Amino acid sequence: MGGKHGARRMVGAGLLTAFLTGCAAQPTQAPVAAPAPAPAPVVAAPATSVPDFTQINQTTCPGATPSYAEWVARFGAYALHQGEPEPVIRVAFADVTENPKIRDRAGKQAEFVTPVWTYLERAVSDERIAKGQAKLPEVRSIAADVERDYGVSLAVLMGIWGIETDFGNNFGDVNVFEALSNVGYGTSRKDFACTELISALKIAATGKVQPKQMIGSWAGAMGHSQFLPSNYLTIAVDRDGSGAPDLWTSMPDVFASTANHLVRDGWQRGLTWGFEVKLPKGFPYQEAELDIEKPVSHWQQRGVRTIDGQPLPALPGGTSILVLAGYQGPAFLVTKNYKTILKYNYSTSYALAVAYLGQRVMGGPGVKAKWPVDEPLLSLDEREELQQRLVDRGLLAGNVDGVIGLKSRKAIRAFQLQVGLPADGFATKGLLEELRRRASS
Ligand SMILES: [Ca+2]
């Protein structure tokens, strides 16, 4: 998703010179004044010297390097080895600079995870709904055209556009070569960065998109639809017939590319993403997980009803019950189309926000049941303690990393079933306290 960026530290001429001509880069912490005139070195010290990338033998994605400049040069050598044209590489990386913010943003585990209700409140704000409605007249016929050919509804196209880039108001301001080279240098995601940078070079090598045009988020997602370069190559569509997909200025290309992304992941024409439901007392919450798919008739028999208390409408295929904030929060019945939105960005809150933003822009309802907004948040330490206690009880195998994902939720549900709590898989302070009590008794 697009993001704003703070001040960038310029590596400046040092990098550019080193990269393009093979001169030594300036050491990062050069002494301010030399104590005495020393004989000028004939060659720079090897540790600070970055040869031109054509002089480097690098056949794999570069790992950790002493400097950003060296990572870029080594990547250039690797790209050359992969068969990318030298002039394209030179132009693409001519102006890149080190950006420590990218490293900081990509590397950190959050102290507190934003709860789904806060995320939705921000992502589907009244202001954003109004913004989307104001944009509708100028894109309605373009989207209707795309809907006819791809079967993806105007609501979902608006939802993705709005969540990804605030309807084009914010698709990031970082050049993709700069963004991804900083990810490659500064984070543990170097393989991702190398793959996407090679794809970005392939886009530039077509000659139809200039490297300077390739703008997006700090994580390398480009344009209105926030496509990674590899997605651009395989999924983006040249809807307006200009000769290449343009995700930065052509809304026909943007909407068709977004729709194509969803269709490739199994989007079904005419099928809703889902809707809010009311679960009966005693509902087996262990069934409320996305990997459990049942026909609507199964949920109807379980006593699930629409939020207005009506029988569930007939829908084709498997459906799941989604409970993102435990048994005291709202519940949703979701179809395979919700899961294709998830493939765009694997976050259940994200996909729900897309669904609701689109729905509200088109005049549909918002979430009706109350979120448990008073539920205290778990800190990173507490999330890790909760996981460790589940490991100690033999319910969880794997990393204690503070990320409450599917495995952790399943372990929580198993514990909840053991102690007679609703098995909603929701990590709360109360649950952590219950785990502590059970450990000491
Ligand atoms: Ca085009």
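Above this note sits the structure.
Residues numbered from 1 in each chain as written. Predicted model: local features only at pLDDT ≥ 70, side-chain atom pairs only at ≥ 80, totals over all residues. Heavy atoms only, no water.

> Break down the coordination of the calcium ion for me, with residues and values.
Distances from the calcium ion to its protein donors, namely Asp 238 (OD), Asp 240 (OD), Ser 242 (OG), Ala 244 (O) and Asp 253 (OD), fall within the range 2.2 to 2.4 Å. In primary-sequence terms, the residues that donate to the calcium ion follow D-x1-D-x1-S-x1-A-x8-D. Residue Ala 244 shares its accessibility class with Asp 253, and that shared class is buried. (Donors = N, O, S within 2.8 Å, 3.2 Å for Na, K, Ca; no water. Buried < 20%, exposed > 50% of the residue type's maximum accessible area, 1.4 Å probe, protein only.)

> Tell me what's going on with the sheet that holds strand β4 (residues 305-306), and back it up with residues and numbers.
Sheet strands line up and pair through hydrogen bonds in the backbone, either parallel or antiparallel. The strand order across the open sheet formed by four strands is β4-β3-β6-β5, and the pairing between neighbours is antiparallel. Edge positions in the sheet fall to β4 and β5 (320-322), since each of these pairs with one other strand and no more. Here strand β3 (residues 274-278) pairs with β4 via two bridges, running antiparallel. Note on β4: the bridge partner recorded for Lys 278 is Arg 305. (Pairing = 2+ DSSP bridges. Helix = DSSP H or I, 4+ residues; strand = E, 2+ residues; numbered from the N terminus.)

> Go over the nonpolar core with me, naming the residues and quoting the values.
If you look at the biggest cluster of nonpolar residues, it comprises 85 residues, and the most contacted ones within it are Phe 75, Phe 93, Phe 177 and Leu 352. If you tally residues by element for this core, the top one is helix α14 (residues 348-361), at nine residues. Those residues within four positions of Phe 177 in sequence are excluded, and the remaining contacts are Ala 92, Phe 93, Val 96, Leu 197, Ala 200, Leu 201, Ala 204, Pro 211 and Met 214. Residues Phe 283, Leu 315, Val 323 and Ala 331 belong to the second largest nonpolar core, which totals 16 residues. (Core = buried A, V, L, I, M, F, W, Y, C linked by side-chain atoms within 4.5 Å. Contact = heavy atoms within 4.5 Å.)

> Could you give an account of the packing of aromatic side chains, naming the residues involved and the relevant values?
The way to describe two aromatic rings as a pair is by their centre distance and the angle between their planes. Going through the model one piece at a time under the given rule, you end up with 15 aromatic pairs. Where Phe 332 meets Tyr 356, the ring centres are 5.9 Å apart and the plane angle is 70°; that geometry is what we call edge-to-face. Taken as a pair, Phe 332 in strand β6 (residues 331-334) and Tyr 356 in helix α14 lie far apart in primary sequence, 24 residues in all. In this pair, the class of Phe 332 matches that of Tyr 356, namely buried. Grouping aromatic residues by their ring pairs yields a cluster made of Trp 71, Phe 75, Tyr 78, Phe 93 and Phe 177. One residue, Arg 189, lies across the ring of Phe 192, its end atom 4.1 Å from the ring centre. (Phe/Tyr/Trp six-rings, centres within 6.5 Å; stacked < 30°, edge-to-face > 60°. Lys NZ or Arg CZ within 6 Å of the ring centre and 35° of its normal.)

> Kindly report on the state of the cysteines, identifying the contributing residues and their values.
What is meant by a disulfide is a covalent connection between two cysteines, made through their sulfur atoms. For the structure on display, the rule yields one disulfide. Across a sulfur-sulfur distance of 2.1 Å, Cys 61 and Cys 194 are joined as a disulfide pair. On the sign convention where negative means left-handed, the S-S torsion of about 80° between Cys 61 and Cys 194 marks this disulfide as right-handed. Here the residue Cys 61 occupies a position in the loop between α1 (13-21) and α2 (68-81), and Cys 194 occupies one in helix α9 (residues 190-205), the gap between them amounting to 133 residues. In this pair, the class of Cys 61 matches that of Cys 194, namely buried. (Disulfide = S-S within 2.5 Å.)

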